[in-house]
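Notes for the structure review
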Amino acid sequence: MIKKILIANRGEIAVRIIRACKELGITSAAIYSEADFGSLHTILADESYLIGPAQSSLSYLNKEKTIKLAKEIDADAIHPGYGFLSENSEFIKMVEESGITFIGPSSKSVEMMGSKTAARKLMQTHNVPIVPGTTEPVKTFSEGLDYAKEIGFPVLLKASAGGGGKGMRKVFSENEFQSAFESTKREALKAFGNDEVYIEKLIENPKHIEVQVIADKFGNYRHLFERECSIQRRHQKIIEESPSIFLDDKTRKSITEAAINAAKACDYFNAGTIEFLMDQNKKFYFLEMNTRLQVEHPVTELVTGIDLVREQIMIASGEKISFKQNEIKQNGYAIECRIYAEDSTQGFLPSTGKLKFYREPSGPNVRVDSGVMNESEISIHYDPMISKLICWGKTREEAINRSIRALDEYFIGGVNTNISFLNFILKSNEFTEGNHNINLIEQKLLKEYENNSDKNIFTDDELAAALLAAHLKSSFKLKTQTESYSSNKWREQLYE
Ligand code: MV4
């Protein structure tokens with residue numbers, strides 16, 4: 001059994017992993033950069049070690065230093081969280097060779113899924129539907145053009161080494177093809193040091209649906225159903241939920257089966273996610289596999305009752321998965337809202353600074369995963385996500401209403417956030433109806449939000465002043481009068 005885990009990450013996911021360690025009686029060792037001195041994850045961990053300067057490449061991305069530290073402090077395992085080194089097969093290989101347990105998949109599985117064309121080929125031979133297109137890089141533009149004509153426009157050019165939306169280009173007609181092909185190649189070379197490009201049929205207005213899987217080192221595979229992640233802007237997810245109301249039982253059965261086949265195809269163990277595109281006819285296509293724990297894993301935890309980080313740790317320790325497939329059901333609905341430090345009223349400009357008057361929501365069926373506390377610094381060095389709000393409800397409507405209630409309860413001063421935009425999305429007809437796709441935000445809701453939302457937006461100073469004024473007013477009233485009073489009218493202070 002693992003006794004001590006070095007957590008090679010920061011912020012909310014480090015905190016999430018520390019919590020799982022504590023519940024399992026495992027010693028948690030945090031690392032932190034100079035910028036993260038005194039941050040929440042270092043306070044909650046049993047031990048904390050400085051790893052390097054603020055810049056990620058010199059701290060959280062430093063492979064050698066991380067492994068050297070793990071050895072020095074006698075950690076038996078490393079949990080990489082998400083991002084940073086979590087899907088770096090070179091790092092995983094180094095951990096494997098050091099004799100330390102990596103809480104994640106084998107470096108081989110990660111490598112197999114790293115090249116998009118190789119992954120497509122693998123899926124094709126393992127009964128996982130892929131988007132029509134090539135499974136080899138296209139050598140010349142004329143070869144590519146012939147192929148595009150065969151499958152029909154529009155097509156999407158993709159970099160073999162790409163992922164997460166970088167190195168893609170839509171092509172709608174024959175005469176755009178050559179210049180699109182050449183510029184995609186140039187960009188791919190610049191971004192990934194590899195200019196291989198392949199072709200897919202463009203799936204128009206698809207939904208992004210992913211399946212959570214988990215596998216142990218004994219060849220046992222389970223799925224934990226789907227997550228619907230179509231609410232995104234510029235490839236950054238904003239709201240995720242589970243289950244997807246778009247899936248019927250038959251589609252759910254076939255997409256989860258396909259996901260298990262994908263995991264088997266790369267001899268997977270650990271928690272993993274298979275991403276799919278789904279068109280209006282509920283046809284689905286493999287997109288890529290994420291060989292790590294994901295940001296949105298809590299919605300799956302709330303619906304299935306399974307602690308995914310605990311399972312990850314047990315599996316890495318050589319235990320079997322703790323549940324049978326037929327022992328888990330989708331119970332109710334869960335929605336995750338990602339709270340980002342950005343100004344949603346000013347083109348989503350990143351917002352940095354110290355959190356002031358920071359207060360998180362709570363109450364029945366509300367979960368907040370965050371790595372911050374009051375006075376925490378939101379800096380340019382790392383991801384702008386402040387917190388994740390995950391709400392559960394017996395019905396989807398209840399989960400939506402609870403999310404709105406909890407967002408209203410949130411108070412964050414000192415930086416701008418996207419909370420009013422999250423509220424706007426949750427209240428939109430498109431989201432409520434649930435038949436939305438990956439283009440909803442950029443094609444529709446952004447415009448409506450910009451035209452509608454100026455009434456409710458105040459600067460932090462205004463909000464803080466209003467909160468203080470309302471508080472003073474009500475406490476003054478309390479001392480001098482016995483009549484009932486309203487303490488929750490701080491918003492109205494802004495109009496007085
Ligand atoms: C696509 C697609 C439409 N058709 N492939 C974006 C990120 C990368 N993982 C693959 N992506 C897409 N591939 C075909 N053939 C549309 C997207 C896409 C997307 C996919 C999932 C979530 C958000 C997205 C936003 C824009 C484009």
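Structure: above.
Rules behind the numbers
Residues numbered from 1 in each chain as written. Predicted model: local features only at pLDDT ≥ 70, side-chain atom pairs only at ≥ 80, totals over all residues. Heavy atoms only, no water. Phe/Tyr/Trp six-rings, centres within 6.5 Å; stacked < 30°, edge-to-face > 60°. Buried < 20%, exposed > 50% of the residue type's maximum accessible area, 1.4 Å probe, protein only. Lys NZ or Arg CZ within 6 Å of the ring centre and 35° of its normal. Near = heavy atom within 4 Å. Polar contact = N/O pair within 3.5 Å; in protein donor to acceptor, adjacent residues only side chain to side chain. Nonpolar A, V, L, I, M, F, W, Y, C, P; charged D, E, K, R; others polar. Salt bridge = Lys/Arg side-chain N within 4 Å of Asp/Glu carboxyl O. Helix = DSSP H or I, 4+ residues; strand = E, 2+ residues; numbered from the N terminus. Expected span 1.5 Å × (residues − 1). Contact = heavy atoms within 4.5 Å. Axes fitted to C-alpha atoms, helices over the stretch in contact; angles between N-to-C directions. Parallel < 35°, antiparallel > 145°, perpendicular 65-115°, else oblique. Left-handed = near helix turned anticlockwise from the far one by under 90°. Pairing = 2+ DSSP bridges.

Observations concerning the packing of aromatic side chains
- Summed over the entire model, instances satisfying the criterion amount to twelve aromatic pairs.
- Aromatic side chains F276 and F284 sit 5.5 Å apart centroid to centroid with 80° between the ring planes, which places their arrangement in the edge-to-face category. Both residues of the pair, F276 and F284, count as buried.
- Taken together, F348, F421, F424 and Y449 form an aromatic cluster joined through their ring pairs.
- When the ring centre of F246 is taken as reference, the NZ or CZ atom of K207 above it lies at 4.2 Å.
- Taking the ring centre of F348 as reference, the NZ or CZ of R233 above it sits at 4.0 Å.

Remarks on the site of the ligand
- Near the ligand, the surroundings consist of 17 residues, among which K158, E200, K201, I203 and E288 are the closest.
- One of the side-chain N or O atoms of K158 is found 3.0 Å from a nitrogen atom in the ligand.
- A distance of 2.8 Å is found between a nitrogen atom of the ligand and a backbone nitrogen or oxygen belonging to K201.
- Residue composition of the shell around the ligand, grouped by class: eight nonpolar, five polar and four charged.

Some details on the pattern of salt bridges
- Evaluated as defined, the whole model comprises 34 salt bridges.
- The shortest N-O distance in the salt bridge between K253 and E257 comes to 3.3 Å. Of the two residues, K253 and E257 are both situated in helix α9 (residues 249–265); the distance of four residues between them amounts to about one turn of the helix.
- Since its relative accessible area comes to 53%, K253 is described here as exposed.
- Among the residues examined, E257 registers a relative accessible area of 45% and is labelled partly exposed.

Some remarks on helix α8 (residues 177–192)
- Here α8 is 16 residues long and its end C-alpha atoms lie 22 Å apart, about the 22 Å a rise of 1.5 Å per residue gives.
- Within α8 the residues assigned to the buried category are F177, A180, F181, S183, T184, K185 and A188.
- Here the buried face of α8 lies against α7 (141–151), β6 (155–163), β7 (166–171) and β8 (197–201).
- Backbone geometry just downstream of α8 places G193 in the positive-phi region, at approximately 65°.

Some details on the packing of helix α3 (residues 63–72) against helix α4 (residues 89–98)
- Closest axis-to-axis distance for the α3/α4 pair is 10 Å, and the angle between their directions is 25°. Looking at the two axes, α3 sits roughly parallel to α4. Our pair here, α3 against α4, has a crossing hand that is right-handed. For the pair formed by α3 and α4, the contact residues are K63, E64, T66, I67 and K71 on the first element and E90, F91, M94, V95 and S98 on the second.
- Counted by class, the contact of α3 with α4 contains four nonpolar, two polar and four charged residues.

Let's talk about the sheet that holds strand β5 (residues 101–102)
- If you walk across this open sheet you meet the five strands as β3-β2-β1-β4-β5, and the pairing is parallel. In this open sheet, the two edge strands, each paired with only one partner strand, are β3 (47–52) and β5.
- Two elements, strand β1 (residues 4–7) and strand β2 (residues 27–33), share four bridges in a ladder whose sense is parallel. By the bridge assignment for β2, K4 is matched with T27.

A few points about the sheet that holds strand β9 (residues 207–215)
- Spatially, β13-β12-β9-β10-β11-β14-β21-β19 is the arrangement adopted by the eight strands of the open sheet, whose pairing is antiparallel. Only two strands of the sheet have a single partner each, and these edge strands are β13 (284–290) and β19 (366–370). Across the sheet, the axes of successive neighbouring strands diverge by a mean angle of 25°, strand direction being ignored.
- Across six bridges, strand β12 (residues 270–278) lies against β13 in antiparallel orientation. Across the sheet, the residue bridging to T273 is N290, located in β13.

Here's the deal with unusual backbone geometry
- In this chain, F153 is followed by P154 through a cis amide linkage whose omega measures -5°.
- Looking at the secondary structure, you find P154 in the loop between α7 and β6.
- Residue S242 is joined to P243 through a cis peptide bond whose omega torsion reads -5°.
- By secondary structure assignment, the location of P243 is in the loop between β11 (236–242) and α9.
- Positive phi is not limited to glycine here, since F84 has a value of about 40°.
- Structurally, F84 is set in the loop between β4 (77–79) and α4.
- You can call F84 partly exposed: its relative accessible area is 27%.
- For F348, which is not a glycine, the phi torsion comes out positive at approximately 60°.
- In this structure, F348 sits in the loop between β15 (342–343) and β16 (349–350).
- Residue F348 is classed as buried on the basis of its relative accessible area of 9%.

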